[in-house]
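Here is what each chain is made of, one letter per residue.
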Amino acid sequence: MSQSDQSLPLLRVQSLVKSYGDRVAIHEASFDLWPGEVMAVVGESGSGKSSLLNVIAARTQPDAGQVEYLNHNGQLENIYTMTQAQQRLLSRTEWGFVHQNAADGLRMDVSAGANVCERLMGLGERHYGRLRQTAEHWLHRVEIDISRMDDTPRTFSGGMRQRLQIARNLVTQPRLVFMDEPTSGLDVSVQARVLDLLRQLTRKMQLAVVIVTHDLAVARLLADRMMVMQHGRIVESGLTDQVLDDPQHPYTQLLVSSVLQP
Amino acid sequence: MSASYETAPEVNFAYLDERTKRMIRRSILKAIAIPGYQVPFGSREMPLPYGWGTGGIQVTASVIGPEDMLKVIDQGSDDTVNAVNIRRFFERTAGVNTTTRTHEATLIQTRHRIPEKPLVEGQIIVYQVPVPEPMQRLEPREAETRTLHGLAEYGLMHVKLYEDIARYGHIATTYDYPVMVNHRYIMSPSPNPKFDNPKMHMNPALQLFGAGREKRIYAVPPYTSVESLAFEDHPFEIQKWPVACTQCGATDSFLDEIITDDSGSRMHVCSDSDYCQTRQDEQSSVAT
């Protein structure tokens, strides 16, 4: 990364507002995300976490405010003034989106190998042998047995589906991945395995991640920084350990104190 | 085949009313202007069920004139029920002359085949299309497939071919094999066997496609590039048969396998009945 890039964030979110009718989902959200940084967004259900994620991932339009992304020329570019073609290209090359329910992010009726390789085929890869190699490599990286490569995700367990979804998103070596509760649907031991995998991959690939979760343990494990949302407002943000160990806002204090300690 | 020039007086020429024909012609013109693009049109109810060629009939009815010579084929044959009925439909409603000879026809309506005899300039071939959207099986949302066409995001089509190779070791799609038209739009060539795909490429005739139930018309203008999709290490190939046609000895045509008795005997004959018959006639005239 060149020197000029260091001074600019990968993603700059400014005064974002989104409401559904009278109901305000996001109220004046602003933050910067730096390259290679993992940012957790926590809060209770309905606090606007997922709305925020969808808006900054250009999946829905905000009512006001802007989101800028650092392009390859080292300049911040407003993602809402891009053409739809540019947005879509960005979201299937430099970005990834991991859904809570893996079925939303996978093609359930085509094989795991094809799921992993779809983005590459979309970018013009036309060599079957090379695609197979890539698929093998990625299934190996997310700890899925190569013998399952030609099975459909429908035959996979929840944890395998989630790992396959991660592989499908990372195959183009993105710079930024959005994750919406990636581990909430999984049982605890599977959750630990997926989280461990995510932690390894984000570190190795220097991924910047915005991860939405209601689970503070997930934030603690993965995130460098975190934001706490309540009723559409970002009420507190800071380094993860700092926020969790010394919460300032009453709502954050409530949230931290309500976690059960085993 | 003799045509009776009496059209039933209560029916407009070629069945459809003039305003409907004009509407369909506008869609056809648009389709020709954007090769491979699916143009929506107000498909009418026709006196035969969906799936029997309502789209093709409406296109034919809109482009046919009293001077046209019509040929109708179904799976290559002029004598199967779909072909016979549609041919008779236009004999009765348009009073046009009909033929089974490919080279005599000015207008050919077809289901699932392209004649073996190369088409020439001035001819129009109309295909009956059941499913116009090549990505429908993989992406059921039509709003999404339209966006994919609009932005030329066609990774999905190779997913389909990838799946074939992963499952069967080769591209097992043998009909409705997706093509790229004019280097821009992915198109379903109607359920033709892939054997016919190369014939569509740079064809001198005008190729029109009508899907009645799905209400779509698309077209390949004369001399337009039509490429079959493939992988570099799994190139596109057409079907081959180890035998020749039992009737005419052709080795270059699409062969149907016919079981001839209960003990499993079988023979291969040309699917294109006119091609086969023409060859047989030539052979007998040489012999005498």
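About the cut-offs
- Residues numbered from 1 in each chain as written.
- Chains lettered and ligands numbered in written order.
- Predicted model: local features only at pLDDT ≥ 70, side-chain atom pairs only at ≥ 80, totals over all residues.
- Helix = DSSP H or I, 4+ residues; strand = E, 2+ residues; numbered from the N terminus.
- Rg over C-alpha atoms; globule rule 2.2 N^0.38 Å.
- Contact = placed C-beta atoms within 7 Å.
- Buried ≥ 20, exposed ≤ 12 C-beta atoms within 10 Å, placed from the backbone.
- Nonpolar A, V, L, I, M, F, W, Y, C, P; charged D, E, K, R; others polar.
- Pairing = 2+ DSSP bridges.
- Axes fitted to C-alpha atoms, helices over the stretch in contact; angles between N-to-C directions.
- Parallel < 35°, antiparallel > 145°, perpendicular 65-115°, else oblique.
- Left-handed = near helix turned anticlockwise from the far one by under 90°.
- pLDDT = per-residue confidence, 0-100.
- Core = buried A, V, L, I, M, F, W, Y, C linked by C-beta atoms within 7 Å.
- Domains from an automatic or database assignment.

**A closer look at the overall build of chain B**
In terms of helices and strands, chain B carries 7 helices and 12 strands. For 288 residues, the compact-globule estimate of 2.2 N^0.38 gives 19 Å, and chain B sits close to it at 19 Å. Based on the C-alpha atoms only, the size of chain B along its principal axes is roughly 55 × 55 × 35 Å. Of all intrachain contacts in chain B linking residues separated by at least 6 positions in sequence, the fraction that spans at least 24 positions is 63%.

**Side note on the overall build of chain A**
Counting its secondary structure elements, chain A contains 11 helices and 10 strands. In terms of principal-axis extent, the alpha carbons of chain A reach across some 55 × 50 × 40 Å. Across the 262 residues that make up chain A, the buried fraction comes to 42%.

**What about the interface of chain B and chain A?**
Of the residues lining the interface, 15 residues belong to chain B; the matching set on chain A comes to 19 residues. Residues belonging to the side of chain B that touches chain A are distributed by class as follows: 7 nonpolar, 3 polar and 5 charged.

**Some remarks on the pairing of strand β9 (residues 216-220) of chain B**
Residue and element names in this part refer to chain B. The element β9 is largely enclosed, with a buried count of 5 among its 5 residues. Both strand β1 (residues 39-40) and β9 contribute to a ladder of 2 bridges, which runs antiparallel. What sits directly across from Pro40, in β9, is Arg216. Examined bridge by bridge, strand β8 (residues 206-211) and β9 share 5 bridges and lie antiparallel to one another. Note on β9: the bridge partner recorded for Gly210 is Ile217. Between β8 and β9, which pair antiparallel and follow one another directly, the connecting turn spans 4 residues, one of which, Lys215, has a positive phi of 60 degrees.

**A short note on the packing of helix α5 (residues 112-122) of chain A against helix α5 (residues 155-168) of chain B**
In contact at an axis separation of 9 Å, α5 of chain A and α5 of chain B are set at 140 degrees when each is read in the N-to-C sense. By the angle between their directions, the pair α5 of chain A and α5 of chain B is classed as oblique. You can see that α5 of chain A and α5 of chain B cross each other, and the crossing is right-handed. Across the interface between the two elements, Gly113, Ala114, Cys117, Glu118, Arg119, Met121 and Gly122 of chain A from α5 of chain A touch Gly155, His158, Val159, Tyr162, Glu163 and Ala166 of chain B from α5 of chain B. Taken together, the residues of the contact of α5 of chain A with α5 of chain B sort by class into 6 nonpolar, 4 polar and 3 charged.

**Section: the sheet that holds strand β7 (residues 176-180) of chain A**
Residues and elements named next belong to chain A. Spatial strand order, β6-β7-β8-β3-β9-β10: 6 strands in an open sheet with mixed pairing. The sheet is open, and its two edges are formed by β6 (95-98) and β10 (233-239), each paired on a single side. The sheet shows a mean angle of 15 degrees between the axes of neighbouring strands, direction not considered. Here β7 runs beside strand β8 (residues 208-212); their pairing, made up of 5 bridges, is parallel. Following the sheet pairing, Met179 is matched in β8 by Ile211. The sheet strands contacting helix α7 (residues 158-170) are β6 and β7, and the helix crosses β6 at an angle near 165 degrees.

**Let's talk about the confidence of the model for chain B**
All names here are of chain B. Averaged over every residue, the pLDDT of chain B is 93; residues scoring 70 or more account for 97%. Within chain B, the element-level pLDDT minimum falls on helix α7 (residues 273-287), averaging 91, and the maximum on β9, averaging 98. Scored by ipTM, the complex comes to 0.85, with pTM at 0.86.

**Section: the nonpolar core**
Core analysis: the largest hydrophobic core is formed by 135 residues, its most contacted members being Met39 of chain A together with Tyr162 of chain B. With 7 residues, α5 of chain B is the single largest residue contributor to this core. Discounting residues that sit within four places of it in the chain, Tyr162 of chain B has contacts with Ala114, Cys117, Met121, Tyr128 and Leu131 of chain A. Membership of the second largest hydrophobic core comes to 8 residues, among which are Phe195, Ala250, Phe254 and Tyr275 of chain B.

**Focus: the domain arrangement of chain B**
Interface size is often expressed as the accessible area that is lost when the parts come together. Residue and element names in this part refer to chain B. Each assigned domain of chain B is listed here: domain 1 (18-137 + 162-228) and domain 2 (240-288). When each unit is reduced to the centre of its C-alpha atoms, the spacing between domain 1 and domain 2 is 25 Å. Taken together, the contact pairs 14 residues of domain 1 with 7 residues of domain 2. Taken together, the residues of the side of domain 1 that touches domain 2 break down into 3 nonpolar, 5 polar and 6 charged.

**A short note on the sheet that holds β9 of chain B**
Residue and element names in this part refer to chain B. A sheet is described by the order of its strands in space; here 7 strands give the open sequence β1-β9-β8-β5-β4-β2-β3, paired in mixed fashion. If you trace the sheet from one side to the other, it starts and ends with β1 and β3 (97-98), each paired once. Across 2 bridges, the pairing between strand β2 (residues 69-74) and β3 is parallel. Residue Leu70 lies in a different strand from β3, and its bridge partner there is Thr98. On top of the sheet, helix α3 (residues 81-93) reaches β2, β3 and β4 (107-111); it is set at about 155 degrees to β2, its chief contact.

**Observations regarding the environment of Leu119 of chain B**
Residues and elements named next belong to chain B. Turning to its location among the elements, Leu119 is positioned in the loop between β4 and β5 (124-128). Measuring from C-alpha to C-alpha, the distance between Leu119 and Pro140 comes to 35 Å, with 21 residues separating the pair along the chain. Not counting residues within four places of it along the chain, the set of residues in contact with Leu119 comprises Ile125, Asn203, Pro204 and Ala205.

**Overview of the environment of Gln61 of chain A**
Residue placement: Gln61 of chain A occurs in the loop between α2 (49-56) and β4 (64-70). On a C-alpha basis, the gap between Gln61 of chain A and Lys18 of chain A in space is 8.0 Å, while along the polypeptide they are 43 residues apart.

**Section: the packing of α5 of chain A against α7 of chain A**
Residue and element names in this part refer to chain A. One can describe the packing of α5 onto α7 by two numbers: an axis separation of 7 Å at closest approach and a directional angle of 30 degrees. Classified by the angle between their axes, α5 and α7 sit roughly parallel to one another. Judged by the twist between their axes, the crossing of α5 over α7 is right-handed. Judged by residue contacts, Ala112, Asn115, Val116 and Glu118 of α5 engage Leu164, Ala167 and Arg168 from α7. Residue composition of the contact of α5 with α7, by class: 4 nonpolar, 1 polar and 2 charged.

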